[in-house]
Amino acid sequence: MIAGSLIRSAALVPAHPWPRRRLPGELWATMAAALAGTPGLDLLAMWADESEVYALLLDPAVPEALVASVGVVGGAYASLSRARPVAAWFERMIHDLWGHVADGGVDQRAWLDHGVWPMHRPMSGRAAAVSIPPQPPEFLPPEFLPVDGQDIHQLALGPIRAGIIEAGHWRLQCDGETVLRAELRLGYTHKGTLGLLRGKSARAAARFAARLSGDATVAHAIAFARAAEAATQTPAPPRAAVLRAIMAELERLANHCGDVGAICGAAGALAMAARLGLHREQVLRASAEAFGHRLMMDCVIPGGVVGDIAPGGAVAIGRALDGIDEDIDEIRRFDEPGGPLAGRLVGIGRIDAALAQGLAAGGPVGRASGRGHDCRLVPGYAPYDRFEVEPVLLRAGDVDARVRVRVGELAVAMGLVRQMLPGLPDGAVSVALPPGSGEGLGWAEAFRGDCWCWLRLESGLISSGFLADPSWRHLPAAEQGARDGEVGDFPLIERSINLSCSGIDL
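Conventions adopted
- Residues numbered from 1 in each chain as written.
- Predicted model: local features only at pLDDT ≥ 70, side-chain atom pairs only at ≥ 80, totals over all residues.
- Heavy atoms only, no water.
- Pairing = 2+ DSSP bridges.
- Helix = DSSP H or I, 4+ residues; strand = E, 2+ residues; numbered from the N terminus.
- Axes fitted to C-alpha atoms, helices over the stretch in contact; angles between N-to-C directions.
- Contact = heavy atoms within 4.5 Å.
- Expected span 1.5 Å × (residues − 1).
- Bend = angle between axes of the 7 residues up to and from the residue.
- Buried < 20%, exposed > 50% of the residue type's maximum accessible area, 1.4 Å probe, protein only.
- Arc of directions from axis to C-beta.
- Core = buried A, V, L, I, M, F, W, Y, C linked by side-chain atoms within 4.5 Å.
- Polar contact = N/O pair within 3.5 Å; in protein donor to acceptor, adjacent residues only side chain to side chain.
- Phe/Tyr/Trp six-rings, centres within 6.5 Å; stacked < 30°, edge-to-face > 60°.
- Lys NZ or Arg CZ within 6 Å of the ring centre and 35° of its normal.

Visitor: Sorry, what's going on with the sheet that holds strand E5 (residues 64–71) here?
Guide: Sheets are built from strands that pair by backbone hydrogen bonding, the pairs being arranged parallel or antiparallel. Strand order across the open sheet formed by 5 strands is E1-E2-E5-E4-E3, with mixed pairing between neighbours. Each edge of the open sheet carries a strand with a single partner, namely strand E1 (11–13) and strand E3 (42–48). Averaged over all pairs of adjacent strands, the angle between their axes in this sheet comes to 30°, without regard to strand direction. Here E3 runs beside strand E4 (residues 52–59); their pairing, made up of 6 bridges, is antiparallel. Residue pairing for E4: Asp 42 is matched across the bridge by Leu 58. The strands that helix H3 (residues 87–98) touches are E3 and E4; relative to E3, the one it contacts most, it runs at about 10°.

Here it is in structure tokens:
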């Protein structure tokens, strides 16, 4: 791969488990152009600090993650978005937080900054105070891309919507009931997570990583903890690694039950929605009994986990799994050809294989469109190297396929938990991290897909970091999946992709 070879030819910066590559500006620009001819190299994330811009790419053939960086000269760097369109959202975020301009970028609009922050470039070290516009912020219209044609009308959804739904502003531009363009504007749930990480120990900052996206709190906490452990070269004890995996699989079960149930509800299958809601609740209660918290928030920490599984926890988890087992065949039949759901879900919200591959879509979104990536396997991490993980892979790419992938993953997750619980290794559940310096990369497979975290520690304190939710790469897939569909299908499409607004808003 040309782009990969260019990155690997650059100067090394010590980091773990792979070194970072610092590219001079000319080499970065050459690499950016070469990405267009390197389809197998996945762009997973971009971020920045005061003086450099970073890109995280995955070469699944090796397998190896590549962290590349380039110095910012004159406030600018060469854009990657012409070769990797998903880079546009990252580049807009980088401009809002650090002020660095993507030279040649395909979209220069603001992203997180809606024009009401009291300062520009808050992460840059050269933040500039600004005055709030006299017009109240709720009357400042967001900027959306236009659609040409007669009789085009717009449908605005959000940012405040019915139900308990994260704040995001969908703008559907329609010809009658046909959606011509769907565009999502986020930033309403920006929390300043990256700024909150800085200057803290990994142990103190872990709570902010765990709250990036609450429904994936375990996965993000694992990715963060593994990044801190890599930076200090201090692996978690084997027992802690297995306990983390059990928590992650319980999180997957609860969310897949919730997502499939919500899709059933949106399609009118209310009885099945209720059954799946009950199973989700039983998994959450078992998690609370086993680990002390329904969502298992703050149970994973750098160095391990906060405590061992409680007495009776394994029995409670077993009861929850048995309950899902009793209904799993009926859940499968619901979406089989001729079943109550199949006719409603087949063919809508299609994301083709080329789009999924180009966006490096993960989780059920990618696996329903033929992209079989699962970071439990590639690059892989403990303890999954000791257990058999079988990703569910389909190719139709529609809402129906995404539902069937989730249902298939219920059985996979239950099988993993049942393998892990009886064979928990003996020993400690945590170790203290030394107050050292270094850079580390961590990852974990959430129910949405692969979560990544990069950290730089200086004398035990975080000087820079980034957390990448898979929703960054699913957002453009959601926009494309809604195009040419009917307005009435949009709730099913949106729920089947299930973006985390909070995960993107940082």
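Back to the write-up after that little detour.
Visitor: What is the right way to read helix H9 (residues 313–334) from this model?
Guide: Each full turn of the α-helix corresponds to 3.6 residues, which orients residues three or four apart in the same direction. Taking 1.5 Å of rise per residue, 22 residues should cover 32 Å, and H9 covers 31 Å from first to last C-alpha, within 8% of that figure. Approximately 45° is the largest bend angle found in H9, and it occurs at Asp 327. Every buried residue belonging to H9 is among Gly 313, Ala 316, Ile 317, Ala 320, Leu 321, Gly 323, Ile 324, Asp 327, Ile 328, Ile 331 and Phe 334, and all of these are buried.

Visitor: Even after reading the chapter, I still don't get the sheet that holds strand E12 (residues 178–185), so can you show me in this structure?
Guide: The strand order E10-E11-E12 describes an open sheet built from 3 strands, whose pairing is antiparallel. Edge strands, defined here as strands with exactly one partner in the open sheet, are strand E10 (153–157) and E12. For this sheet, the mean inter-axis angle between neighbouring strands, taken without regard to orientation, is 20°. Of the pairings in the sheet, the one linking E10 to strand E11 (residues 169–175) comprises 5 bridges and is antiparallel in character. Within E11, the position partnered with Gln 154 by the bridge is Gln 173. Relative to E12, helix H15 (residues 471–482) is tilted by about 160°, and along the sheet it contacts E11 and E12.

Visitor: Just checking my understanding: could you explain the pairing of E12 for this structure?
Guide: Looking along a regular strand, one sees the side chains alternate between the two faces of the sheet. The pairing of E11 with E12 spans 7 bridges and is classified as antiparallel. In the sheet register, Gln 173 faces E12, and the bridge partner there is Arg 181. Between the end of E11 and the start of E12, which pair antiparallel, lie 2 residues, with Gly 176 showing a positive phi angle near 65°.

Visitor: Can you walk me through unusual backbone geometry in this structure?
Guide: A negative phi angle characterises most non-glycine residues, just as the trans form characterises most peptide bonds. A cis geometry characterises the amide bond from His 16 onward to Pro 17, with omega recorded as 0°. Here Pro 17 is to be found in the loop between E1 and strand E2 (20–23). The residue Ser 459 is not glycine, and still its phi comes out positive at about 55°. Structurally, Ser 459 is set in the loop between strand E16 (450–458) and strand E17 (461–468).

Visitor: Please clarify how the pairing of E5 should be interpreted in this entry.
Guide: Counting buried positions along E5 yields 7 of 8 residues, so the element is predominantly enclosed. Relative to E5, E2 is paired through 4 bridges, and the arrangement is parallel. Note on E5: the bridge partner recorded for Leu 23 is Val 70. The sheet contact formed by E4 and E5 spans 8 bridges and is antiparallel. When the bridges of E5 are listed, Glu 52 appears paired with Gly 71. Hairpin connection of E4 to E5: 4 residues between the antiparallel strands.

Visitor: Explanation requested: helix H16 (residues 490–497) in the structure shown.
Guide: For H16, the set of buried residues is Phe 490, Leu 492, Ile 493, Ser 496 and Ile 497. The arc that holds the buried residues of H16, viewed along the axis, is 165°, so those residues lie on one side. Looking one or two residues beyond H16, the residue adopting positive phi is Asn 498, at roughly 55°.

Visitor: I tried to follow the side chain of Arg 473 on my own but got confused; where do I start?
Guide: When you line up the elements, Arg 473 lands in helix H15. Apart from the residues within four sequence positions on either side, Arg 473 is in contact with Leu 43, Leu 44, Val 86, Leu 359, Ala 360, Ala 361, Gly 362, Asp 450 and Trp 452.

Visitor: I tried to follow the nonpolar core on my own but got confused; where do I start?
Guide: The nonpolar side chains of a soluble globular protein tend to be buried with one another. If you look at the biggest cluster of nonpolar residues, it comprises 171 residues, and the most contacted ones within it are Met 93, Phe 224, Phe 291 and Ile 317. Ranked by residue count, the leading element in this core is helix H7 (residues 238–266), at 14 residues.

Visitor: Can you walk me through the side chain of Glu 439 in this structure?
Guide: Among the structural elements, Glu 439 can be located in strand E15 (residues 438–445). With relative accessibility at 5%, the residue Glu 439 sits in the buried group. Separated by 2.8 Å, the side chains of Glu 439 and Arg 20 make a polar contact.

Visitor: Sorry if this is basic, but what is going on with the packing of aromatic side chains here?
Guide: Note on aromatic pairs: each is described by the distance of the centres and the angle between the planes. Tallying each qualifying case throughout the model produces 9 aromatic pairs. Ring centres of Tyr 381 and Tyr 384 lie 5.3 Å apart, and the angle between their planes is 80°; this geometry places the pair in the edge-to-face category. Ring plane angle 35° and centroid distance 5.4 Å describe the contact between Trp 443 and Trp 452, whose orientation is recorded as tilted. Grouped by ring-pair contacts, the aromatic residues Trp 47, Tyr 54, Trp 454 and Phe 466 constitute a single cluster. Over the ring of Phe 208 we find Arg 207, and its NZ or CZ is 5.6 Å from the ring centre.

Any functional reading would require information that these geometric values do not contain.
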